[in-house]
Amino acid sequence: MRLIIAIAAGAFFISGLGTDARAKDLKKQNQFIEAVADKKLVSGDTWLIISSDGKIEGIGRNNAKLTGAWAWSKRYWCRNVVVGQKKFPEDCLKVKIEGNQVEFVRNKGKGDAIVYTIAN
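Residues numbered from 1 in each chain as written. Predicted model: local features only at pLDDT ≥ 70, side-chain atom pairs only at ≥ 80, totals over all residues. Heavy atoms only, no water.

*Asks:* Whenever I open this one, the pairing of strand 2 (residues 40-43) confuses me. Can you help?
*Replies:* Two faces make up the sheet, and in a regular strand the side chains alternate between them. Where strand 2 meets strand 3 (residues 46-50), four bridges bridge the pair, whose relative direction is antiparallel. Its bridge partner lying in strand 3, Leu 41 is registered against Leu 48. Where strand 2 hands over to strand 3, the hairpin turn is made up of two residues, of which Gly 44 adopts a positive phi near 65°. (Pairing = 2+ DSSP bridges. Helix = DSSP H or I, 4+ residues; strand = E, 2+ residues; numbered from the N terminus.)

And the structure:
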């Protein structure tokens, strides 16, 4: 019985390492465009499309219209957005992708994170 538990624990540990190894920081604009641009990203009842031409559109919380623009700066995705009547300050985010999950971390990777799923 102990052997089975040890094998199961080892498999869990190894699969966890494999997950981290597959996550990829998107550090260049061309990587970001290839992986994320022009695809529908969904998180709960929020969705957005980050167009390769620098535009952002979608629906935010409470069915509020989301619009904005983005540009690449060094290794960060920088954006300006308006959700409903609220304009958010410009922010540059660190972007990481793993499979169909895209993680955006505010304040150049030092702030809060939000994960979106790339919809099919």
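There is more to say after this.
*Asks:* Is there a simple way to think about the layout of surface pockets in this case?
*Replies:* Once rolled over the atoms, a probe with the size of a water molecule shows which space is left empty. Here the largest pocket is characterised by a volume of approximately 600 Å³. Forming the boundary of the largest pocket are 22 residues, of which Leu 66, Val 83, Arg 106, Ile 114 and Tyr 116 lie nearest the centre. Every element with two or more residues in the lining of the largest pocket is listed here: strand 3, strand 6 (76-83), strand 8 (91-98) and strand 10 (113-118). No other element matches strand 6, which puts four residues into the lining of the largest pocket. For the lining of the largest pocket, the residue count by class is 14 nonpolar, four polar and four charged. (1 Å grid on protein atoms, 1.4 Å probe; cavity = no way out; pocket = protein on both sides within 12 Å on 5 of 7 lines; lining within 4 Å. Points joined across faces, edges and corners; volume = space filled by probe spheres on them. Nonpolar A, V, L, I, M, F, W, Y, C, P; charged D, E, K, R; others polar.)

*Asks:* Help me out: how do you make sense of the confidence of the model for the chain in this one?
*Replies:* The predicted coordinates of low-pLDDT regions are not to be read in fine detail. For the chain, the average pLDDT comes to 86, and 82% of its residues sit at 70 or higher. Note that residues 1-20 has pLDDT below 50 and, in this model, one contact with residues that lie over four places away or in other chains. (pLDDT = per-residue confidence, 0-100. Contact = heavy atoms within 4.5 Å.)

*Asks:* Help me understand the packing of aromatic side chains, please; the structure alone is not making it clear to me.
*Replies:* Here the distance between the centres and the angle between the planes together describe a pair of aromatic rings. Under the criterion given, the structure shown has five aromatic pairs. Centre to centre, the rings of Phe 32 and Trp 72 are 5.5 Å apart; their planes meet at 40°, and the pair counts as tilted. With Phe 32 in helix 2 (residues 29-35) and Trp 72 in strand 5 (residues 65-73), this pair connects stretches of sequence that are 40 residues apart. We classify Phe 32 as buried; its relative accessible area is 0%. Here the aromatic cluster, defined as three or more aromatic residues joined through ring pairs, consists of Phe 32, Trp 70, Trp 72, Trp 77, Phe 104 and Tyr 116. (Phe/Tyr/Trp six-rings, centres within 6.5 Å; stacked < 30°, edge-to-face > 60°. Buried < 20%, exposed > 50% of the residue type's maximum accessible area, 1.4 Å probe, protein only.)

*Asks:* Help me out: how do you make sense of unusual backbone geometry in this one?
*Replies:* If a residue is not glycine, its phi is most likely negative; likewise, a peptide bond is most likely trans. Even without being glycine, Asp 38 reaches a positive phi, approximately 65°. The class of Asp 38 is partly exposed, set by a relative accessible area of 48%. At Lys 108, a residue that is not glycine, the phi angle is positive and equals roughly 55°. Tracing the chain through its elements places Lys 108 in helix 3 (residues 106-109).

*Asks:* I keep staring at the nonpolar core and nothing clicks. Help me out?
*Replies:* Taken as a class, soluble globular proteins show a tendency for nonpolar side chains to be buried jointly. If you look at the biggest cluster of nonpolar residues, it comprises 22 residues, and the most contacted ones within it are Phe 32, Val 36, Leu 41, Ile 50, Trp 77, Val 102 and Phe 104. For this core, the secondary structure elements donating two or more residues are helix 2, strand 3, strand 5, strand 6, strand 8, strand 9 (101-105) and strand 10. Ignoring sequence-local partners within four residues, the contact set of Val 36 consists of Leu 26, Leu 41, Ile 50, Val 102 and Phe 104. (Core = buried A, V, L, I, M, F, W, Y, C linked by side-chain atoms within 4.5 Å.)

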